[in-house]
Amino acid sequence: MPKKRVFQLAKEMGLQSQALIAALDRLGVKDMTPASAIDEDTAKTLQELLAEQVAKLKATEAAEAAAAAKAAEAAAKPAAATEAPARRGRPAQKPAEAPAAPAPEAAATPTAGSPAEKREKEAEPERVLPRRASYFDQEMLRLERQLGLLAQEVDKETRPEIERTSIRDVVTRPEGERTTSGVENPPVVTVLGHVDHGKTTLLDFIRKTNVTGGEEGGITQHIGASEVEHNGKSIVFLDTPGHEAFTQLRARGAQVTDIAVLVVAANDGVMPQTIEALNHAKVAKVPIIVAINKIDLPDSDPEVVKRQLLEHGLVPEEWGGDTIFVNVSAVRGDGVNDLLDMILLVAEMREIWADPEGDFTGFVIEAQLDTSRGPLTTILTRNGTLKIGDILICGSAYGKVRQIRDWLGRSLKEIGPGRPVEVVAFNEVPEPGALVERVKNVKDARRMAETRSDEVAIIDRQRMARRRVEGAYAELTDGQHKVLRAVIKADVWGSAEALRDAILRLAAGSEELEVNVIHLGVGDVTESDISLAQATEATVIAFRVGVAQAAKQMAADEHVQIRSYEIIYDALEHIRLELEGMLSSIYREDKIGRAQVVQVFRARGFGAVAGCRIMEGKLQSGARVVVTRGRDIVYKGTLDSLKHFDRDVQTLDAPNECGVGVRNWDNWQSNDMIEASIVTEIRPTLRPAEADTRA
Ligand code: GDP
């Protein structure tokens, strides 16, 4: 059956690939990348489903907007100043018109029976029931929001350069159809994997054998990135940055990498850092190519690696999945050409392009202070063309470009998009991941830099602390769905998995909750865990493990929560309570009694008091009351004063007579009916999770 790649489908549907991936994820189709293949039938169903949901959502929104407009119109009528709140999405009940014009039915004494029942329905008081949108509705909302944000981003791009004093969050290449002046751009590749599995050796081999212009002797400097040529096309490799650096660049908003190569040594198999790397790449939603390394060794077994990775959701193409696996030997060079072929293939599907004639943007890959040359900055150019003499601004750093060198140390006069270069330009050392932009002159640059140095501090702090301040545990994604994201570290795999499963079971008890375990690992909490948690706004759960000192410091700086537990029961109870705290209350309403107004008295300081006969049940001070006149609701609110003869009382049963007063309303008339009810807040609870015996 013919297959379609996710990015193609997204394009057809007018969505960003990532938005479609998010939607697929919600539908239970996990771990998709833009390059993932879906068969055409599924693609068609999906298109229909999404179109239907978007239409439904739009219709609901339109209906709600119309209802709200009608309600607003009704409320604007001067005589309608009474308190008659309508339920959400429902037009306001007919408000109390002039009191002198009672409805004809008002004269009839209502008795308990069918008319009263009817009234009861109409008089249904406002209730604060949580409106539960379906999973899909929420996803669509999110998609729309995402699209909206992208639109804003584009909007910012088109504004004149000088207006951009504030810092943009995301560094993107141009999206969508390539413009006429647009050119294909080399993919940016990061090599990740467990220590000693051969990342450095692989990169070195690739560099030595594929340098542009055959200048293999020229690799003398390390600027944090390199550019190689394969089959006439360029590929940019970032120096193995370590997983946390990879995620930190992302956390600062820079989607740096187009493709992640996950190196796994065939003689060693999947190790903790392999999984960590995999999770970092998944979080970044970067396509993964697996390089099974060291196949030259006699004890290597690539099949074992494939089976191990299968458990982590990477299914090889030959087994029906869409993860590309390549067997390589980084020392001998076996398979390296295949690997580069695959990188170019995945890149081709991502349609990476930029416009050399467009606005210049780039971001910082690495920066350091050189004693003789001043701040040296490696920039990955993203769009436009950078020239000697340009004025750049990056965060609060700025300056004129005095020197441009490629990764082989060759001096350049100008450089197009998609290339790593080292520049001498800035007055201070910029931060990795920061956006670099071009401005017209030094004066503007200085002015912007000054504004920015304050902004940088504020924005950085805000971004890091975002939302975590309020509910450390909960993140309200769209006001309805509550997500707990967790990075779980434990002493042994058994307890890590047991803890994860128990937390998932806890959350399964409520439709409202979603638990997303970003990373599951064994061993002490490290800086890598913290950066992962920080980038995904997750909480770190440390079970019977320590927290490295540096990780503690980083967690404090980045406002990442670490919860440490020694006993599984404690962990689960605590998490259960936290999850319960995230749930919305449900409100139950119980009718407690009915009374009829017999006579209306004017009382000093209290407007009017209704002399009533309690017909059924009881009245209670503080109860919710709905007053009806014939078929109309004339008042909804709280019973503020209840008197028996001259005494204030809390409750009074039928068939007593009493005086009833409410604040802010005194339009009582004889024969008005009062329905009283009590609203009780019910806090949802989750069933305690049974502690797994494995832990
Ligand atoms: P890194 O920590 O992932 O960067 O790993 P390195 O590149 O430093 O490699 C660790 C060790 O494995 C070194 O001693 C390399 O020589 C060795 N190594 C790397 N790739 C291969 C390979 O394909 N075959 C063999 N036999 N050894 C390799």
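Structure shown above.
What you see is a predicted model, and the numbers here were worked out from it, not measured in a lab.

(A) Just the overall build of the chain, in detail. From N to C terminus, the chain includes 15 helices and 34 strands. Counting the 695 residues in the chain, one finds 48% classified as buried. Expressed as a percentage of contacts within the chain between residues at least 6 apart in sequence, the contacts between residues at least 24 apart total 74%. Accessible surface, the chain as shown: approximately 32,200 Å² in total, 50% of it carbon and sulfur.

(B) Region of interest: the packing of aromatic side chains. Going through the model one piece at a time under the given rule, you end up with 2 aromatic pairs. Between Tyr635 and Trp665, the aromatic rings sit 5.0 Å apart at their centres with planes inclined by 15°, giving stacked as the arrangement. One end of the pair, Tyr635, is in strand S29 (residues 632–638); the other, Trp665, is in the loop between strand S33 (657–661) and strand S34 (673–682), with 30 residues separating them in the sequence. The two residues Tyr635 and Trp665 agree in class, both being buried.

(C) Looking closely at the nonpolar core. Counting 25 residues, the largest nonpolar core has Ile235, Phe237, Val261, Ile289, Leu339 and Ile343 as the members making the most contacts within it. Counting residues per element, the ones that place at least two in this core are strand S4 (188–193), helix H6 (199–210), strand S6 (233–238), strand S7 (259–265), strand S8 (288–293), strand S9 (324–327) and helix H10 (336–350). By residue number, the principal contributor to this core is H10, which donates 7 residues. Apart from residues no more than four positions distant in its own chain, Ile235 is found in contact with Pro186, Pro187, Val189, Ser226, Glu227, Val228, His230, Leu340, Ile343 and Leu344.

(D) Focus on the environment of Arg563. By secondary structure assignment, the location of Arg563 is in strand S25 (residues 562–565). Between the C-alpha atom of Arg563 and that of His574, which follows or precedes it by 11 residues, the distance is 9.6 Å. Here the side chain of Arg563 touches Glu578 through a polar contact of 2.8 Å, side chain to side chain.

(E) The arrangement of the site of the ligand in detail. Neighbouring the ligand are 15 residues; Asp196, Thr200, Thr201, Asp296 and Ala330 lie closest to it. One of the side-chain N or O atoms of Asp296 is found 2.7 Å from a nitrogen atom in the ligand. Take Ala330: an N or O atom from its main chain is 2.8 Å from an oxygen atom of the ligand. Protein contact buries 72% of the 570 Å² of open area that the ligand shows by itself.

(F) Region of interest: the sheet that holds strand S17 (residues 411–412). If you trace the 8 strands from one edge of the open sheet to the other, you get S15-S14-S20-S11-S12-S19-S16-S17, paired in antiparallel fashion. The outermost strands of the open sheet, each flanked by one partner alone, are strand S15 (397–400) and S17.

(G) Quick peek at the environment of Leu310. With respect to the helices and strands, Leu310 occurs in helix H9 (residues 302–310). Residue class for Leu310 comes out partly exposed when judged on its relative accessible area of 37%. Residues Leu310 and Thr323, spaced 13 residues apart in sequence, show a C-alpha to C-alpha distance of 9.9 Å. Setting aside residues no more than four positions away along its own chain, Leu310 makes contact with Val315, Pro316 and Trp319.

(H) Layout of the pairing of strand S27 (residues 608–620). Relative to S27, strand S26 (residues 586–602) runs antiparallel, the two being bridged by 9 bridges. Directly across from Gly593, in S27, lies its bridge partner Gly617. Inspection of the sheet shows S27 paired to S33 by 4 bridges, in the antiparallel sense. Paired with Gly611 across the bridge in S33 is Gly659. In the sheet, S27 pairs with strand S32 (residues 651–653) via 3 bridges, with the strands oriented antiparallel. Residue pairing for S32: Gln620 is matched across the bridge by Thr651.

(I) Here's a closer look at the packing of helix H13 (residues 527–536) against helix H14 (residues 549–558). Packing of H13 against H14 leaves a shortest axis separation of 8 Å and a crossing angle of 20°. Taken together, the axis directions place H13 and H14 in an arrangement best described as roughly parallel. As H13 packs across H14, the resulting crossing turns out to be right-handed. Of the residues in H14, those touching H13 at Glu527, Ile530, Ser531 and Gln534 are Ala550, Ala551, Met554, Ala555 and Glu558. Looking at the contact of H13 with H14 residue by residue, the class counts come to 5 nonpolar, 2 polar and 2 charged.

(J) Seen up close, the pattern of salt bridges. Tallied over the entire structure, the rule returns 21 salt bridges. Among the ionic pairs, Glu573 bridges to Arg576, the shortest N-O distance being 2.8 Å. Residue Glu573 and its partner Arg576 are both found in helix H15 (residues 568–582); the two are separated by 3 residues, about one turn of the helix. Residue Glu573 is classed as buried on the basis of its relative accessible area, which comes to 18%. Here Arg629 ties to Asp672 by a salt bridge, and the two come within 2.7 Å at their closest N and O atoms. Of this pair, Arg629 sits in strand S28 (residues 624–629) while Asp672 is found in the loop between S33 and S34, placing the two residues 43 residues apart along the sequence. Each of Glu303, Lys306 and Glu318 takes part in one network of salt bridges that share partners.

(K) Focus on unusual backbone geometry. Between Ala654 and the following residue, Pro655, the backbone shows a cis peptide bond with an omega angle of 5°. The residue Pro655 is located in the loop between S32 and S33 in this model. A positive phi is found at Arg544, a non-glycine position, where the angle reads about 55°. By the secondary structure assignment, Arg544 is in the loop between strand S24 (539–543) and H14.

(L) Main features of the pairing of strand S22 (residues 482–490). Where burial is concerned, most of S22 is hidden: 9 out of the 9 residues are buried. Taking every second residue as pointing to the same face, both faces of S22 are buried, with Lys482, Leu484, Ala486, Ile488 and Ala490 on one and Val483, Arg485, Val487 and Lys489 on the other. One ladder, built from 9 bridges, connects S22 with strand S23 (residues 513–522); its direction is parallel. Note on S23: the bridge partner recorded for Ala490 is Val522. One crossover worth recording links S22 to the parallel S23 by way of helix H12 (residues 493–508), and it is right-handed. Pairing geometry for S22 and S24, over 5 bridges, is parallel. Looking at S24, one finds that Ile488 is bridged to Ile541.

(M) Summary view of helix H1 (residues 6–13). Those residues of H1 lying buried are Val6, Phe7, Leu9 and Ala10. Buried residues in H1, looked at end-on, bunch into an arc of 160°, giving them a common side.

(N) Layout of the sheet that holds S9. Strands sit in the order S5-S6-S4-S7-S8-S9 across an open sheet of 6 strands; the sheet is mixed. Here the strands that pair on one side only, and so sit at the sheet edges, are strand S5 (225–230) and S9. For this sheet the average axis-to-axis angle between neighbouring strands, irrespective of direction, equals 30°. Two elements, S8 and S9, share 4 bridges in a ladder whose sense is parallel. Among the inter-strand pairings, Ile292 is bridged to a residue of S9, identified as Asn327.

The rules behind these values
- Residues numbered from 1 in each chain as written.
- Predicted model: local features only at pLDDT ≥ 70, side-chain atom pairs only at ≥ 80, totals over all residues.
- Heavy atoms only, no water.
- Helix = DSSP H or I, 4+ residues; strand = E, 2+ residues; numbered from the N terminus.
- Buried < 20%, exposed > 50% of the residue type's maximum accessible area, 1.4 Å probe, protein only.
- Contact = heavy atoms within 4.5 Å.
- Areas by Shrake-Rupley, 256 points an atom, 1.4 Å probe, with all protein chains shown as cover.
- Phe/Tyr/Trp six-rings, centres within 6.5 Å; stacked < 30°, edge-to-face > 60°.
- Core = buried A, V, L, I, M, F, W, Y, C linked by side-chain atoms within 4.5 Å.
- Polar contact = N/O pair within 3.5 Å; in protein donor to acceptor, adjacent residues only side chain to side chain.
- Near = heavy atom within 4 Å.
- Pairing = 2+ DSSP bridges.
- Axes fitted to C-alpha atoms, helices over the stretch in contact; angles between N-to-C directions.
- Parallel < 35°, antiparallel > 145°, perpendicular 65-115°, else oblique.
- Left-handed = near helix turned anticlockwise from the far one by under 90°.
- Nonpolar A, V, L, I, M, F, W, Y, C, P; charged D, E, K, R; others polar.
- Salt bridge = Lys/Arg side-chain N within 4 Å of Asp/Glu carboxyl O.
- Right-handed = clockwise from strand over helix to strand, strands pointing away.
- Arc of directions from axis to C-beta.

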